[in-house]
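Listed below are the residues making up each chain.
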Amino acid sequence: MNDPIVARHWLAAAMPKAAPALATTTVLALARIWNANGAEHSIGNAVLMTALSTGAAAAGVCASVGRAGDSAIAGTAFAASGSLALAGVAGYADGLSLPLLLWALATAIAYGLAARYWRTDRRERIAHERQSTARREEQAHIERVEALRAGAQIEVARSGAAYAEQLAQALHTRAALPGFDFKAVEATGLPELPAAGEDR
């Protein structure tokens, strides 16, 4: 059975690779908009973002250390903590140099963490494709062997039927010859001869 050919759009293929940069850029842009709307040097806003970032980090620690040990929840909580810290610094700072430095650092860390998951996903996908290919090849080999065996059985049956027909034809032709001795041929145990003798 042939697998369907699925052509992915280039944008859909590039989207997972661009997601970390898009996420950190979005956080930086929103933080700078927040900075322009009065967050610069605002102690209350800085305390709020520090509390939110610390709370998200604590949630990530609890999720990773807890009995369930859910890595997805822990990763999401740590990502939220980093985003809130980046947004707080970018919103509080008065220049662009520190927010851009933190943005570059956050983007590098995000790509470093994502690369590990991409590598694991790629290994699992390649292993699955290899197993699927091996199963398909094994199934095709079994089908070929069974087809050869069935063809050989059909050929043997066809040859046996042709031989029986030729033998019957030879016996009828031989019985028509003068001086044919039925008793001598019957002694060999051929089953068609008594009927041929009765016909004669």
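What comes next is a walk through the structure. (Residues numbered from 1 in each chain as written. Predicted model: local features only at pLDDT ≥ 70, side-chain atom pairs only at ≥ 80, totals over all residues. Heavy atoms only, no water.)

Helices and strands together make up the secondary structure of the chain, namely 6 helices and 0 strands. Taken from N to C terminus, the helices and strands of the chain fall in the order α-α-α-α-α-α. For the chain, the proportion of its 200 residues judged to be buried stands at 16%. At a minimum sequence separation of 6, the contacts of the chain that also span at least 24 residues come to 61%. Element-wise, carbon and sulfur atoms account for 65% of the exposed surface of the chain, whose accessible area totals about 14600 Å². (Helix = DSSP H or I, 4+ residues; strand = E, 2+ residues; numbered from the N terminus. Buried < 20%, exposed > 50% of the residue type's maximum accessible area, 1.4 Å probe, protein only. Contact = heavy atoms within 4.5 Å. Areas by Shrake-Rupley, 256 points an atom, 1.4 Å probe, with all protein chains shown as cover.)

Counting residues in each nonpolar core, the largest one holds 7 residues, listed as Val27, Leu28, Ala31, Met49, Leu86, Ala87 and Ala90. Elements supplying a minimum of two residues to this core: helix H1 (10-39) and helix H3 (71-92). The residues contacting Met49, other than those within four sequence positions of it, are Trp34, Leu84, Ala87 and Gly88. (Core = buried A, V, L, I, M, F, W, Y, C linked by side-chain atoms within 4.5 Å.)

Take the layout of surface pockets next. Any empty space left between the atoms is revealed when a probe the size of a water molecule rolls over them. Considering only enclosed or pocket space, the largest pocket measures out at about 750 Å³ in volume. Put simply, the parts of the chain that give the lining of the largest pocket at least two residues each are H1, H3 and helix H4 (97-175). Of all the elements, H3 adds the most residues to the lining of the largest pocket, at 11 residues. Counted by class, the lining of the largest pocket contains 18 nonpolar, 6 polar and 1 charged residues. (1 Å grid on protein atoms, 1.4 Å probe; cavity = no way out; pocket = protein on both sides within 12 Å on 5 of 7 lines; lining within 4 Å. Points joined across faces, edges and corners; volume = space filled by probe spheres on them. Nonpolar A, V, L, I, M, F, W, Y, C, P; charged D, E, K, R; others polar.)

Turning next to H4. Compared with an ideal rise of 1.5 Å per residue, which puts 79 residues at 117 Å, H4 spans 114 Å between its outermost C-alpha atoms and is within 8% of the ideal. Listed as buried for H4 are Pro99, Thr107, Ala114, Ser132, Leu171 and Ala175. (Expected span 1.5 Å × (residues − 1).)

Looking now at the pattern of salt bridges. When the charged atoms of two side chains with opposite charge come close together, those side chains can pair. All told, the structure shown has 3 salt bridges when counted by the stated rule. Among the ionic pairs, Asp121 bridges to Arg125, the shortest N-O distance being 3.9 Å. Here Asp121 pairs with Arg125, and both are found in helix H4, just 4 residues apart, close to one helical turn. In this structure, Arg158 and Glu155 form a salt bridge, with 3.5 Å as the shortest nitrogen-oxygen distance. Separated by 3 residues within a single helix, Arg158 and Glu155 lie in helix H4, roughly one turn from each other. For Arg158, a relative accessible area of 52% puts it in the exposed group. (Salt bridge = Lys/Arg side-chain N within 4 Å of Asp/Glu carboxyl O.)

Evaluation of the coordinates by the stated rule reveals 1 aromatic pair. When the centroid spacing of 6.2 Å and the interplanar angle of 65° are considered together, the rings of Tyr111 and Trp118 count as edge-to-face. One residue, Arg116, lies across the ring of Tyr117, its end atom 5.1 Å from the ring centre. (Phe/Tyr/Trp six-rings, centres within 6.5 Å; stacked < 30°, edge-to-face > 60°. Lys NZ or Arg CZ within 6 Å of the ring centre and 35° of its normal.)

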